[in-house]
Amino acid sequence: MSCCLQHWSKAYINNQEALPICNAPHKLSQIDDEGLASAVKDHLQSCGKYVCAQDIVDYSNKGISLTTAQRWMKKLGYHWAKDPKGQYVDGYECQDVVHYHQNIFLPVWFHYQSQMWKWKEDDVTVEEVEEVSTVAVASGCRVVVWFHDESTFYANDRRKQCWVHDSEGAVPQPKGEDTSLMVADFVSVDYGFLHSKDGSESVRVLFRAGKARDSFFTNQDITAHAAKAMSILEKDYPDEDHVLIFDNACTHLKRADDALSAYTMPKWPSSTWGVSISTDSPDGKPLKGKIHMGDGWLPNGNPQSLYFSEGPNNKAGWFKGMLQILIEHRYTNTPNLKAQCKDFKCPGDGKDDCCCHRLMYNQPDFANVESVLEASCCARNFNVIFLPKFHCELNFIEQCWSFAKQIYCMKDSSSSAAALEKNVIDSLDAVLIFSIRSARFIDAYQKGLNGTQAA
């Protein structure tokens, strides 16, 4: 061997292109045979989800070792890793979710989409804008969609995998998630996170959620957050139509205390029935009371009071009862109906006249009650869309949160409240805007695919 090295070295000094080449034939593995590889793949697929190298050993009649089977697994495209997780699809096929998704959300979205900017997909970090559609040109302004959401960062969230030197030992770790900081914000494809043009104002809210801290983010907080966002948009972005999009959460959908609702309504007149509310007394203790429910609407568009203004037997101020309300809606057969079906479980036969409660629920004035958030936004000429329940993949701010948390987990430990806040803000400021994935989901749903197919 030394003689060969000497010969090769002298040849290389004289001619640097004279490199030694090994002409020995390469030994092929049995798995390189396409027929065998195809048969093994078929066998592994028949073994179910949790396959292993031992399945190949058991299948082979050539007596291969477990180590060889592991090499074959890699050649066939398998690798040992955690099971990749996709989006959750629980609740996607519920009848009310499908109805709202197909008949309300998607039509409204595609109505506005024709007036939005169209962004190229070549490089999402570069703002290359296509021309606005002819519809937007005709209307004189374009639509900007703002997505709202909240997310929580924890002090002990840290990256779990990294390069570790052989000399390093186990390091004591804090137990639990420790202090948290919730962030609420608005984001759009066109402008990123919402702030004034001069950068002096921002709608970002940092909230220390908890019973002994800043309490919890209530409907009142959401409404105030939206009001601040609308003020900035009216001041700095007046030449565009703005649409605010919120999750379909109970906090966002809360109605006014006196909003129309057939729940607990009695069939007959009552002097005591009203909407139960809870207020705080001067000493901080909750006080329970009742208020009158707001007016409804008759089929001809006239307002309908749910309480007697005057009537027989001195019933002024009494609640009319579902029977009288429905008679005023010209349902003459209501005296023969029961107040409600047993356990509120109406028969699924498509009929709406099984009980008084169901008839009331299906009246337009009861079915189309605006939430407090929606009413406050519409009063300032801002349109609101609520995402379908369980469809967080349609809110692209979720991907912004995910990217921010990847950055946050690599920062130094948040040992104090000030450090936690600084790390969160720095992570959010480094976020790129991700919108293509959610737009593809919307397009897939519009074409008739379900959640599993779209993913």
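Note: the structure precedes this text.
Cut-off values and rules
- Residues numbered from 1 in each chain as written.
- Predicted model: local features only at pLDDT ≥ 70, side-chain atom pairs only at ≥ 80, totals over all residues.
- Heavy atoms only, no water.
- Helix = DSSP H or I, 4+ residues; strand = E, 2+ residues; numbered from the N terminus.
- Buried < 20%, exposed > 50% of the residue type's maximum accessible area, 1.4 Å probe, protein only.
- Contact = heavy atoms within 4.5 Å.
- Areas by Shrake-Rupley, 256 points an atom, 1.4 Å probe, with all protein chains shown as cover.
- Expected span 1.5 Å × (residues − 1).
- Arc of directions from axis to C-beta.
- Core = buried A, V, L, I, M, F, W, Y, C linked by side-chain atoms within 4.5 Å.
- Phe/Tyr/Trp six-rings, centres within 6.5 Å; stacked < 30°, edge-to-face > 60°.
- Lys NZ or Arg CZ within 6 Å of the ring centre and 35° of its normal.
- Polar contact = N/O pair within 3.5 Å; in protein donor to acceptor, adjacent residues only side chain to side chain.
- Disulfide = S-S within 2.5 Å.
- Pairing = 2+ DSSP bridges.
- Salt bridge = Lys/Arg side-chain N within 4 Å of Asp/Glu carboxyl O.

S.K.: Is there a simple way to think about the overall build of the chain in this case?
M.R.: Check the secondary structure of the chain and you find 16 helices and 10 strands. The 455 residues of the chain split such that 33% are buried. Pairs at least 24 residues apart make up 64% of the contacts formed inside the chain by residues separated by at least 6 positions. As presented, the chain carries roughly 29,000 Å² of accessible surface, and 53% of it is formed by carbon and sulfur atoms.

S.K.: I'm lost on helix H14 (residues 417–429) in this one. Help?
M.R.: An α-helix turns once every 3.6 residues. As a result, residues three or four positions apart point the same way. A rise of 1.5 Å per residue sets the reference length of H14, with its 13 residues, at 18 Å; its end C-alpha atoms lie 18 Å apart and thus fit the reference within 8%. Looking at H14, one finds that the buried residues are Ala-419, Leu-420, Asn-423, Val-424, Ser-427 and Leu-428. End-on, the buried residues of H14 take up no more than an arc of 160°, which puts them together on one face. With respect to the buried face of H14, the exposed residues turned more than 90 degrees away are Ala-418, Lys-422 and Asp-429. Among the structural elements, strand E1 (143–154), strand E2 (180–188), strand E3 (192–193) and helix H13 (397–409) are those in contact with the buried residues of H14.

S.K.: How should I be thinking about the nonpolar core in this particular structure?
M.R.: The nonpolar side chains of a soluble globular protein tend to be buried with one another. Judged by nonpolar contacts, the single largest core of 52 residues is most densely connected at Phe-186, Leu-194 and Phe-246. Not counting the four nearest positions on each side in its chain, Phe-186 is found in contact with Trp-146, Phe-147, His-148, Gly-192, Phe-193, Leu-194, Val-203, His-225, Ala-226, Ala-229, Leu-244 and Phe-246. The next biggest cluster of nonpolar side chains, apart from the first, holds 17 residues, and it includes Leu-260, Met-293, Ile-325 and Leu-326.

S.K.: Looking at this structure, how should I read the packing of aromatic side chains?
M.R.: In this description, a pair of aromatic rings is defined by centroid distance and the angle of the planes. Considering all chains together, one arrives at 13 aromatic pairs under this definition. Measuring from ring centre to ring centre gives 5.0 Å for Phe-147 and Phe-396, while their planes differ by 70°; the resulting arrangement is edge-to-face. Here Phe-147 is found in strand E1, whereas its partner Phe-396 is found in the loop between strand E10 (383–386) and H13, with 249 residues between them in sequence. Of the two residues, Phe-147 and Phe-396, both sit in the buried class. Chaining the aromatic ring pairs together yields one cluster made of Phe-105, Trp-109, Phe-147 and Phe-396. Across the ring face of Phe-193, the terminal group of Arg-204 is positioned such that the distance to the ring centre comes to 5.1 Å. Taking the ring centre of Phe-153 as reference, the NZ or CZ of Lys-405 above it sits at 5.4 Å.

S.K.: Would you mind showing me how to read the side chain of Lys-320 here?
M.R.: When you line up the elements, Lys-320 lands in the loop between strand E9 (303–304) and helix H9 (322–328). A polar contact of 2.8 Å, which involves the side chain of Lys-320, links it to the backbone oxygen of Ser-305. Here the side chain of Lys-320 touches Glu-328 through a polar contact of 3.0 Å, side chain to side chain. Setting aside its immediate chain neighbours within four residues, Lys-320 contacts Trp-268, Pro-269, Ser-305, Leu-306, Tyr-307, Phe-308, Ile-325 and Glu-328.

S.K.: I tried to follow helix H2 (residues 34–46) on my own but got confused; where do I start?
M.R.: Compared with an ideal rise of 1.5 Å per residue, which puts 13 residues at 18 Å, H2 spans 18 Å between its outermost C-alpha atoms and is within 8% of the ideal. Residues of H2 that are buried include every one of Ala-37, Val-40 and Leu-44, and no others. Taken down its axis, H2 places every buried residue within 65° of arc, on the same side. Residues Glu-34, Gln-45 and Ser-46 are exposed on H2 and point more than 90 degrees away from its buried face. Packed against the buried residues of H2 are helix H3 (53–59) and helix H4 (66–75). The backbone nitrogen of Gly-35 lies 3.2 Å from a side-chain oxygen of the residue at the head of H2, namely Asp-33.

S.K.: Could you clarify how one ought to interpret the state of the cysteines in this entry?
M.R.: By definition, a disulfide is the covalent link that joins the sulfur atoms of two cysteine residues. For the coordinates displayed, the defined rule picks out 0 disulfides. No disulfide involves Cys-47; its sulfur sits 7.9 Å from the nearest other cysteine sulfur, which is in Cys-52. According to the relative accessible area criterion, Cys-47 is partly exposed, its value standing at 34%. Free of any disulfide, Cys-346 has its nearest cysteine sulfur in Cys-354, 3.6 Å distant. Here Cys-346 falls in the partly exposed class, since its relative accessible area comes to 30%.

S.K.: I would appreciate a short explanation of the pairing of strand E7 (residues 286–291) in the present structure.
M.R.: One face of the sheet, then the other: side chains in a regular strand alternate in exactly this way. Of all 6 residues that make up E7, 0 are buried, and the element is exposed over most of its length. In the sheet, strand E6 (residues 275–280) pairs with E7 via 6 bridges, with the strands oriented antiparallel. Bridging from a neighbouring strand, Ile-277 pairs with Gly-289 of E7.

S.K.: Just to check I follow, could you spell out the environment of Met-293 for this structure?
M.R.: Tracing the backbone through its elements, the reader meets Met-293 in the loop between E7 and strand E8 (296–297). For Met-293, the contacting residues outside a window of four places in its chain are Asp-258, Ala-259, Leu-260, Ser-261, Met-265, Trp-273, Val-275, Leu-306 and Tyr-307.

S.K.: Can you help me understand the environment of Asn-248 in this one?
M.R.: With respect to the helices, strands and loops of the structure, Asn-248 is situated in the loop between strand E5 (241–246) and helix H8 (250–253). Put simply, Asn-248 and Cys-392 are 144 residues apart on the chain and 9.5 Å apart in space, counted from C-alpha to C-alpha. Among residues more than four places away in sequence, those in contact with Asn-248 are Tyr-100, Leu-253, Phe-386, Leu-387, Pro-388 and Lys-389.

S.K.: I would appreciate a short explanation of the pattern of salt bridges in the present structure.
M.R.: Within this structure, the stated rule accounts for 11 salt bridges. Of the charged contacts in the structure, one is a salt bridge between Lys-254 and Asp-257, with a shortest N-O distance of 3.5 Å. Residue Lys-254 is classed as partly exposed on the basis of its relative accessible area of 37%. Close ionic contact of Lys-320 with Glu-328 constitutes a salt bridge, the shortest N to O distance being 3.0 Å.

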